[in-house]
Each structure stands twice: as structure tokens, then as C-alpha cells.
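Letter by letter, the chains look like this.
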Amino acid sequence: MAVTVAGTAATVATEAAAVKGARELAEAPALMLSAVGKRYPKFELKDVSFVLPRGYIMGFIGPNGAGKSTTIKIVMNMVRKSRGTVKVLGLDHVAFETEVKRHVGYLGEEPHFYEEVSPAWLGGFVGKYYPTWDAGFYRATLRRFGIEPSKPVKALSKGMKVKLGLALALSHKPELLILDEPTSGLDPVVRHDVLAELMSVIQDEKRSVFFSTHITQDVEKVADYVTFINEGRVVISDVKDDVLARWKKVSFPLPLPPYARGASDPARIELGLAEARERVERAMRGALGKAFASHKIDGLTFTGITRAFSGDVEREISQLAETRPRVIPVSLDEILVAIVRGSETC
Amino acid sequence: MLDLVWKDIIQGRRALAFYLAVGAAIALGLTFAMSDVGAVVALQMTLSVYGFAVKSTYDDDKHGALLFLKGLPLSDAAIVVSKFVSTFVVAVGFAVFSWGLCVVAEGFLGPSLRLGAAAGAPQGLSGLAWQILLSVAAFFGALLVVMAVYLAMFFCLGYARAAAYNRVVMLGLFAVIMAASAVFQRARVQPPEWAQALGRSWAAPLLAVCAGLAVYAAGCAASLWWVRRRDWS
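Remember, it's a predicted structure, so these values are computed and weren't measured experimentally.

Student: Looking at this structure, how should I read the pattern of salt bridges?
Tutor: Side chains carrying opposite charge are able to pair once their charged atoms draw close together. Residue and element names in this part refer to chain A. Evaluated as defined, the whole model comprises 28 salt bridges over all chains. Taking the shortest distance from any N to any O, the salt bridge between Glu334 and Lys249 comes out at 3.0 Å. Of the two residues, Glu334 is situated in helix 12 (residues 332-345) and Lys249 in strand 11 (residues 248-253); the sequence distance between them amounts to 85 residues. Accessibility expressed as a relative area gives 23% for Lys249, which makes it partly exposed. In this structure, Glu278 engages Arg282 in a salt bridge whose closest nitrogen and oxygen atoms are separated by 3.9 Å.

Spelled out as C-alpha cells, the structure:
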């Protein structure tokens, strides 16, 4: 009797642990990278870390060669990481590779398919590997995208192949969609269709999208989170609106010393200008400079992009400029350029 | 995994049909030319299976099929082993086809048309079938070794280098066999009695098939070991 009670208690404990484990998995982030690194002879991915919560879209932005595709291939275990941790839907991406991939829809940079076969055959082939494959949804998506199911894949244009890849990636209702430059090289109409499809995916709040691009307008349109990567290093990873709130373009006229203001002597003006420039540059080398990603002094005007705009920063700039600076919002495109230019300057 | 094997065979169906037709044409041609069918058909079998493997890996390389498969919920083992299994299935199919073709050509067509080396063969049909089976088995063992080397090189080095290196390996083997046979003929050396006995028994072909299978399995294991360590891009 005691044995039976003990056995029942053990079973209940095991079931409780399983339920707790399942709940933790269900609540785990869609994608989590922690200090992920990969070393190549001429390039290194350095401590890439970010988290994509469930139900959101994250845009992964960076210039060509920044490490976007390498990161995505590491997540898909196509490239072996040198160090770090990758968890997809709460599971290790290597130890549970096939299990993870059953819940992930993936479309690579260059859509690879068997070219001699038809989209209908491809759907039948791919569908066998996903328990949740919805053949009706696949056929309907092909129809919606205007893809002829019986036409050989090799006869499809690049845009159509991307759409076919998207149809294949979506038809098993993935919890996480991973896309590597899905809109690169597409005409505006197809690009619009692809982005609209991404938006429709997250209507289901449990589904998430992670896509890389160097077209920042796409991220501005659809993403909730944004991660910037440059030279193998994550520079920013945050909520897109917070990033846009922090990053501002600041400009002000150089504060000429009193002896140069209103002077008509060119030498005196030149001297005053050099002094003002030196003063601003000195400030930029100090604590205030840390708030700027990039800056330039062009003639009589200072223009910079700040990565941490706040009331304090504005006050400091006002003191330096001896006037209220002009602050305007920046686009993700300008942030990307500032990051790349900033690192080039460094 | 069987889906992948079937996919490989379906994908290479045109090439397979072509190779089978060529094999049949060669067998008939040799029969009517009153020549031995066995060796040439067995050679054709080797080249056909090699051709199938090259075509299959070329298609995979051209379309980035391995990357496509890697995006699906498939293990590395399923991707690698399926390629070895599909080539093995084709090799067995060709071996059976070649054996049947030789038996038909030498056992039926030759005697009935009074053509070929088997026209007046003292042995019966079952003896002939057995003798051909032993020859085909020996070729089959060698074929497995060649295929194991090629597929292992494909998974380790990629299509372009594997195809180039394997051509060198095959040419080298051909040159060694030709040179050895020329040397033996010139020296008029008779193989020792035990070697002649081995040639007539089932032991040598069985040994060849077993050795071929062992090398094939080792090639598959080496490919898998390598694939699990390398990047797929």
C-alpha cells in the first residue's frame, strides 16, 4: 500500500514537472541568443546576444558582410557556432534540432529548391516532415500568390521563388518564422506582398518573425523589435520605438567666441571659428561624445546623431551650443549609416 | 528517410532509363558480334551507377538541395545516409539487371542464334547463371568501393572537387588494371593453383561484396562524422 502511494506521488510529481516544463517552454522567448560567436579566418562573429519575445517581429539590420546570414545559419544549425547559447522556443537548437525545426519556418537568402519539380510536388514532399502541415492552406497560398502549382520551379521568377519559399515556410503554421533577406532584390509590388504576409503571420499572437535585411524601410514598416549588427557585433537590440526615441539628429551653429561675433575681419572670424570648433571637438572627446554615434562639423554647423537622447543630453548640448539645438527624428537608415560610419571613424 | 531515397531515384529516372537502354544495347550488340558479354556489361554497370551518383550529386550541388534539406526537420544522418542508400539501391538494381541481361544474352540468345562465346558452352544454364553471378558480384564489390570514395569526397569536399578527384581515382585504377594485365600477358605468368581455385569458387566474389559493403559503411560513417563538424554554407 505504502509502495502504491509512493508510486502515485512520484507519478504526480513527474506529471507536475512535465506540465511546469511545458508551461516554461510555452512562455520561453521565441528566440534567444547569448554570447554567440563564430570565428573565420577573415571574419568573426563576436558575442551576439538578443532576445525575441513571442508574438513579435524583429528586424535584423546590418550592412552587407556584417554577420546577419551567419547568425541566421547558426540558429538553423547550418553553421556550427564556436561558442555561446542559442535557444529556439526554449529549446537548444542543436540538441533538439529536428524538434525545433518542426516549429520553425525558414527561408534562406537564396531560396533553394529542387528545380525540376513542381510546387505541388514540393508541397507534398515537404509536408511529410511536418505533423502540422496544412495542404489546403498551401494550395490556397499558392493561388493567392499567383503561383501555378504544376509549373516547374525552374520556370518561376526570383520573386515567385521567394513567394513559394514563404508558402512552404508558412504552411505548417510555424511558431517562429526565420527569413534571411526575404525582400532583397524584389520589385516593390512583390516586396509589399511579402511584408503584408509577415504582418498577417503575427495576427496569431503566439507566432513570431525574425528577419534580416539591409532595407531598413521594411523594418520600419513591420517590425516591433530591431537589432543592429555591424562587423560581427550587435550594436543595438531593443524595441524599435524606443530606439527611434533615443536616436536623434542634433544640429546647432558653432558658438563663436564674443570677439568673433559680428566681426568683419576675416582673420578674426577664422580664429573664432577654429576656437569654437576646438571647443566642440573637446566636448565630443569627453562624456558628451559618448552619447553620439557620429558627428561632423561642416562650416559653421555641427550635426550629430545621438544614440542616447534625453533631457540631460539636451541641456548639455544647449550649454555647449549656447542656444537650444535643433533636434529631429532619424530613420533606421540614418542610424545604420551612423553606426557604420562611426565604426569606420573609430 | 525513404522519401529522400525515393526522391533521389525519381530525380535521376531519365538518366537511369538511359543507362539501362545503353546496357541492353551493348549486351545485344556483343551477342550478335559473337563476343563475351559479361565483362563489358559489368563495366557498363559500374559506369552507370557512377553516372547516377554524379548526376544526383551534381543536381544537389546546382540547386543547393542540401541547404534546402537542412532547413527541414531532418537530421544530418538522414540527409547523408539517404544519399548512400539511394546509390546502393541503384547499384543493386543495376547488378541484378546486368546479371539478368548476361544470362539472357549468353544463355538464351547466344545458343538459340548460335552466336557468342556461350553458343557451345558445355555448362548448363544454371552453371552459366552461377558463373555470371560470381563475376557480377566481384564487380559489385569494386563498385561499392568506388561509390563509397566518391560520396565521402562529395560530403567532405563538395561536388566540384569530388568529381574531379574521383575521375583521377578511376583513371588511376583503370591504368593499374591495364598495366597489370599487360605485364601478366607479356610474362605469360599462370596464376597459382590456389588463385585459380579461388577464381572458380564463390569465396572471392563473396569476399569482394563483403569488403565493398564494409568500405561503403565506413564511407557513410566518415561522411556523417565530417558533416556534423563542418558548416553547410
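After that view of the structure, there is still more to cover.
Student: Where do I start with the side chain of A:Glu97 in this structure?
Tutor: Summarising the element assignment, A:Glu97 is placed in helix 3 (residues 97-102). For A:Glu97, a relative accessible area of 10% puts it in the buried group. At 2.7 Å, the side chain of A:Glu97 and the side chain of B:Lys70 are in polar contact. Residues in contact with A:Glu97, not counting those within four places in the same chain, are A:Met76, A:Asn77, A:Asp92 and B:Lys70.

Student: Can you help me understand the interface of chain B and chain A in this one?
Tutor: When the parts of a complex come together, some accessible area is lost, and that lost area is often used as the size of the interface. Taken together, the contact pairs 25 residues of chain B with 25 residues of chain A. Across the interface of chain B and chain A, roughly 2300 Å² is buried in total on both sides, 61% from carbon and sulfur atoms. Sorting the residues of chain B by area buried against chain A places B:His63, B:Phe68 and B:Pro73 first, and these three jointly supply 29% of that buried surface. Our enumeration of links across chain B and chain A arrives at four salt bridges. For the side of chain B that touches chain A, the secondary-structure elements that each account for two or more residues are helix 1 (2-11), helix 3 (38-63) and helix 4 (65-70) of chain B. Top contributing element to the side of chain B that touches chain A by residue count: helix 4 of chain B, with five residues. Class assignment for the residues of the side of chain B that touches chain A results in 10 nonpolar, six polar and nine charged.

Student: Before we go on, may I ask you to explain the environment of A:Phe50 in this structure?
Tutor: Residues and elements named next belong to chain A. Looking at where Phe50 falls in the secondary structure, it is placed in strand 2 (residues 44-52). As a C-alpha pair, Phe50 and Asp238 span 188 residues in sequence and 8.5 Å in three-dimensional space. If we skip the residues at most four places from it in the chain, Phe50 touches Leu31, Met32, Leu33, Met58, Phe60, Thr71, Phe210, Thr227, Val234 and Ser237.

Student: Looking at this model, I keep getting lost on the environment of B:Val215. Mind explaining?
Tutor: Residue and element names in this part refer to chain B. Take Val215: it is sitting in helix 9 (residues 203-227). For Val215 and Ala148, which are 67 residues apart along the polypeptide, the C-alpha to C-alpha distance reads 6.6 Å. Setting aside its immediate chain neighbours within four residues, Val215 contacts Val145 and Ala148.

Student: How should the domain arrangement of chain A be read in this particular structure?
Tutor: By domain assignment, chain A separates into domain 1 (29-239) and domain 2 (248-329). Computed over C-alpha atoms only, the centres of domain 1 of chain A and domain 2 of chain A are separated by 43 Å.

Student: Just checking my understanding: could you explain the sheet that holds strand 12 (residues 292-298) of chain A for this structure?
Tutor: Hydrogen bonding along the main chain pairs the strands of a sheet, whether they run parallel or antiparallel. Residues and elements named next belong to chain A. Across the sheet, four strands lie side by side as 12-13-11-14; this open sheet has antiparallel pairing. The sheet is open, and its two edges are formed by strand 12 and strand 14 (326-329), each paired on a single side. Averaged over all neighbouring strand pairs, the angle between strand axes comes to 20 degrees, with direction disregarded. Running over the sheet, helix 10 (residues 266-285) touches strand 11, strand 12 and strand 13 (301-306) and is turned about 175 degrees from strand 12. In the packing of helix 11 (residues 311-321) onto the sheet, contacts are made with strand 11, strand 12, strand 13 and strand 14, and the angle to strand 11 comes to roughly 20 degrees.

Student: What am I meant to see in helix 10 of chain A here?
Tutor: An α-helix turns once per 3.6 residues; consequently, residues spaced three or four apart project the same way. Residues and elements named next belong to chain A. End to end, helix 10 covers 28 Å across 20 residues, agreeing with the expected 28 Å (1.5 Å per residue, within 8%). Three or more residues of helix 10 are buried, namely Gly272, Leu273, Ala276, Val280 and Met284. One side of helix 10 carries all its buried residues, which in axial view fall inside an arc of 115 degrees. Away from its buried face by more than 90 degrees, helix 10 exposes Ala267, Leu271 and Arg285. The distance from a side-chain oxygen at the start of helix 10 to the backbone nitrogen of Ala267 is 3.2 Å, and the residue carrying that oxygen is Asp265.

Student: Help me out: how do you make sense of the packing of aromatic side chains in this one?
Tutor: To describe a pair of aromatic rings, one takes the distance between the centres and the angle between the planes. The full count for this structure, using the stated rule, is 23 aromatic pairs over all chains. Seen in terms of ring centroids, A:Tyr56 and A:Tyr225 are 5.4 Å apart; in terms of plane orientation they differ by 70 degrees. Their pairing is edge-to-face. Pair noted here: A:Tyr56 is in the loop between strand 2 and strand 3 (57-61) and A:Tyr225 is in strand 9 (residues 225-230), with a separation of 169 residues, a long-range link. Its relative accessible area of 35% is what places A:Tyr56 among the partly exposed residues. Judged by centre distance (6.3 Å) and plane angle (20 degrees), the ring pair of A:Tyr130 and A:Trp133 falls under stacked. Residue classification places A:Tyr130 among the buried positions, given a relative accessible area of 6%. Clustering of aromatic rings is evident, with ring pairs tying together A:Phe113, A:Tyr114, A:Trp121, A:Phe125, A:Tyr129 and B:Phe68. The ring centre of A:Phe145 lies 5.6 Å from the NZ or CZ of A:Arg144, which sits over that ring. The ring of A:Phe137 carries A:Lys173 above its face, with NZ or CZ at 3.7 Å from the centroid.

Analysis parameters
- Residues numbered from 1 in each chain as written.
- Chains lettered and ligands numbered in written order.
- Predicted model: local features only at pLDDT ≥ 70, side-chain atom pairs only at ≥ 80, totals over all residues.
- Heavy atoms only, no water.
- Salt bridge = Lys/Arg side-chain N within 4 Å of Asp/Glu carboxyl O.
- Helix = DSSP H or I, 4+ residues; strand = E, 2+ residues; numbered from the N terminus.
- Buried < 20%, exposed > 50% of the residue type's maximum accessible area, 1.4 Å probe, protein only.
- Polar contact = N/O pair within 3.5 Å; in protein donor to acceptor, adjacent residues only side chain to side chain.
- Contact = heavy atoms within 4.5 Å.
- Buried area = accessible area lost by both parts, 1.4 Å probe.
- Nonpolar A, V, L, I, M, F, W, Y, C, P; charged D, E, K, R; others polar.
- Domains from an automatic or database assignment.
- Pairing = 2+ DSSP bridges.
- Axes fitted to C-alpha atoms, helices over the stretch in contact; angles between N-to-C directions.
- Expected span 1.5 Å × (residues − 1).
- Arc of directions from axis to C-beta.
- Phe/Tyr/Trp six-rings, centres within 6.5 Å; stacked < 30°, edge-to-face > 60°.
- Lys NZ or Arg CZ within 6 Å of the ring centre and 35° of its normal.

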